[in-house]
Amino acid sequence: MNHINKKNVIITGVAGMIGSNLANRLITNNYNVYGIDYLEFNSQNLLKKIAKHNFSYFNLDLSLEKNVNIFYNKIKKIHFESYWHLAANSDIQKGSENSNIELRNTFLSSYYSVKICEKLNIQKFCFFSSSAIYGETRNKIKETHGPILPISNYGAMKVASEAFLSSARFQIKDILIFRLPNVIGPDVTHGFFYDIPNKIRRNDIVQILGNGLQKKPFMHVDHLLKIILKIYKIKYLKNINIFNVGPGDSGITVKKIINLFISLKKIKNTKFLFQHKKNGWQGDVAKYKFNNSKILKLCKFNIPSSEESVVKTIKEIKL
Ligand SMILES: NC(=O)c1ccc[n+]([C@@H]2O[C@H](COP(=O)([O-])OP(=O)(O)OC[C@H]3O[C@@H](n4cnc5c(N)ncnc54)[C@H](O)[C@@H]3O)[C@@H](O)[C@H]2O)c1
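Residues numbered from 1 in each chain as written. Predicted model: local features only at pLDDT ≥ 70, side-chain atom pairs only at ≥ 80, totals over all residues. Heavy atoms only, no water.

Colleague: I tried to follow the packing of aromatic side chains on my own but got confused; where do I start?
Modeller: By convention here, two paired aromatic rings are described through the distance between centres and the angle between planes. Enumeration according to the criterion identifies 18 aromatic pairs in this entry. Between Phe107 and Phe164, the ring centres sit 6.4 Å apart and the planes meet at 75°, which makes this aromatic pair edge-to-face. Of the two residues, Phe107 is situated in helix H5 (residues 99-120) and Phe164 in helix H6 (residues 153-167); the sequence distance between them amounts to 57 residues. Pairwise contacts between aromatic rings join Trp84, Phe128, Phe178, Tyr232, Tyr236 and Phe243 into one cluster. Directly above the aromatic system of Tyr72 lies the positively charged group of Lys119, at a separation of 4.8 Å from the ring centroid. A cation over an aromatic ring shows up here: Lys226 above the ring of Phe301, its NZ or CZ 4.3 Å from the ring centre. (Phe/Tyr/Trp six-rings, centres within 6.5 Å; stacked < 30°, edge-to-face > 60°. Helix = DSSP H or I, 4+ residues; strand = E, 2+ residues; numbered from the N terminus. Lys NZ or Arg CZ within 6 Å of the ring centre and 35° of its normal.)

Written as structure tokens, this is what we have:
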């Protein structure tokens, strides 16, 4: 790879749904991408979708200290423009049952990512955080909302990662934190948009977790990355900048999404069963909405609604 005449970036969680799409976008924008993952879930398939040119892959578990040096020794001669940290456990339900998974994959991967940046003197860090940090809230959530009281181990380890990053501000000059809503697209690796099509394909009875009235904002991965890459290019006065990246609507209910599946995919025989509880699982935030005025001011383009993102995704999913 020609790492002298091109700009170089590192992406962790590169084989994930968002990471693989981000890698392809950056490669198209003339970057060399150095990707780290350890291929949990269904990531092998997504890794294959990343353009081969200008891409190097490192199979490393970022929750292990020894891998900081192993990675450093392989790439220490290269100058990097930025570090994009996306590796995390994203099966929130599993992480609620076993907090150790969140400690390793969501927090320690962030901790050792900061260590990698310090060793390589990387001055720009982009962190993919989550709405889950806010816990249960009433009003539209602003980035300044507090106190921050997450209700899941996943949310807690994202808060811890943000806090650790904040303390790294003396080593890393430019820190961007993106707090995401539910991000979807045809390549999802887990969760509702992964399970439902699989069950429909198998003609199974579809058991919905919760009563179907959970109402959350959604954003298609294409829209998300368009906004994030715009935010990335702006010069900021502050050392740490935090953004809620999502639509400003009050979301879309699970029942509405299922009705969209049924009508757009002309589903006839599948049966959907709901539970009698408002949260799908322990740690599930049943309702929340973002105040996205900060990104609206910066991006100056129309941000698609949750329903538009859901419709686009359902149309793209092959049954
Ligand atoms: N998809 C969403 O709805 C959503 C919402 C909010 C925040 N986020 C955040 O965005 C990021 C990307 O999400 P995604 O949907 O692409 O998730 P994903 O599960 O598809 O990808 C995450 C990737 O990280 C890798 N990974 C996990 N632990 C690792 C470790 N210890 N070492 C190396 N690799 C490791 C996994 O193998 C996986 O390929 C994550 O940090 C996630 O928490 C996603």
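Text resumes after the structure shown.
Colleague: Looking at this model, I keep getting lost on the layout of surface pockets. Mind explaining?
Modeller: A probe matching the size of a water molecule, rolled over the atoms, marks out where space remains unfilled. Quantified by volume, the second largest pocket comes out at close to 330 Å³. Lining the second largest pocket are 16 residues, and of these Pro186, Asp187, Val188, Tyr194 and Arg201 lie nearest its centre. Elements that contribute at least two residues to the lining of the second largest pocket include exactly helix H2 (43-48) and helix H7 (192-201). Here the lining of the second largest pocket gets 5 residues from one element, more than from any other, and that element is H7. (1 Å grid on protein atoms, 1.4 Å probe; cavity = no way out; pocket = protein on both sides within 12 Å on 5 of 7 lines; lining within 4 Å. Points joined across faces, edges and corners; volume = space filled by probe spheres on them.)

Colleague: Explain helix H3 (residues 66-75) here, please?
Modeller: Turn by turn, an α-helix covers 3.6 residues, leaving residues three or four places apart pointing in a common direction. Along H3, the positions that sit buried rather than exposed are Asn67, Val68, Phe71 and Ile75. Down the axis of H3, the smallest arc covering the buried residues is 110°, so these residues share one side. Summarising the contacts, the buried residues of H3 are in contact with strand S1 (7-12), strand S2 (31-37), strand S3 (55-59) and H5. (Buried < 20%, exposed > 50% of the residue type's maximum accessible area, 1.4 Å probe, protein only. Arc of directions from axis to C-beta. Contact = heavy atoms within 4.5 Å.)

Colleague: Help me understand the side chain of Asn21 in this model?
Modeller: Tracing the backbone through its elements, the reader meets Asn21 in helix H1 (residues 17-28). What makes Asn21 buried here is its relative accessible area of 18%. When neighbours within four sequence positions are excluded, Asn21 is seen to be in contact with Asp187, Val221 and Leu225.

Colleague: Can you help me understand the sheet that holds strand S11 (residues 240-244) in this one?
Modeller: The 7 strands lie next to each other as S3-S2-S1-S4-S5-S6-S11, forming an open sheet whose pairing is parallel. Two strands close off the open sheet at either side, each with one partner strand: S3 and S11. For this sheet, the mean angle separating the axes of adjacent strands, direction not counted, is 15°. Where S2 and S3 come together, 5 bridges link them in parallel fashion. Looking across to S3, one finds that Tyr34 is bridged to Ser56. Against the sheet, H5 engages S1, strand S4 (82-85) and strand S5 (124-130), with an angle of about 175° to S4. Helix H8 (residues 221-233) contacts S2, S4, S5, strand S6 (174-180) and S11 of the sheet and is inclined by roughly 160° relative to S6. (Pairing = 2+ DSSP bridges. Axes fitted to C-alpha atoms, helices over the stretch in contact; angles between N-to-C directions.)

Colleague: Explanation requested: the site of the ligand in the structure shown.
Modeller: The environment of the ligand is made up of 30 residues, and the closest members are Asp37, Leu86, Ser90, Tyr154 and Thr189. One of the backbone N or O atoms of Ile18 is found 2.8 Å from an oxygen atom in the ligand. Between the ligand and the protein, one listed contact pairs an oxygen atom with a side-chain N or O atom of Asp37 at 2.6 Å. Across the complex, the protein chains shield 96% of the 820 Å² of accessible surface that the ligand would expose by itself. Of all the elements, S5 adds the most residues to the shell around the ligand, at 3 residues. (Near = heavy atom within 4 Å. Polar contact = N/O pair within 3.5 Å; in protein donor to acceptor, adjacent residues only side chain to side chain. Areas by Shrake-Rupley, 256 points an atom, 1.4 Å probe, with all protein chains shown as cover.)

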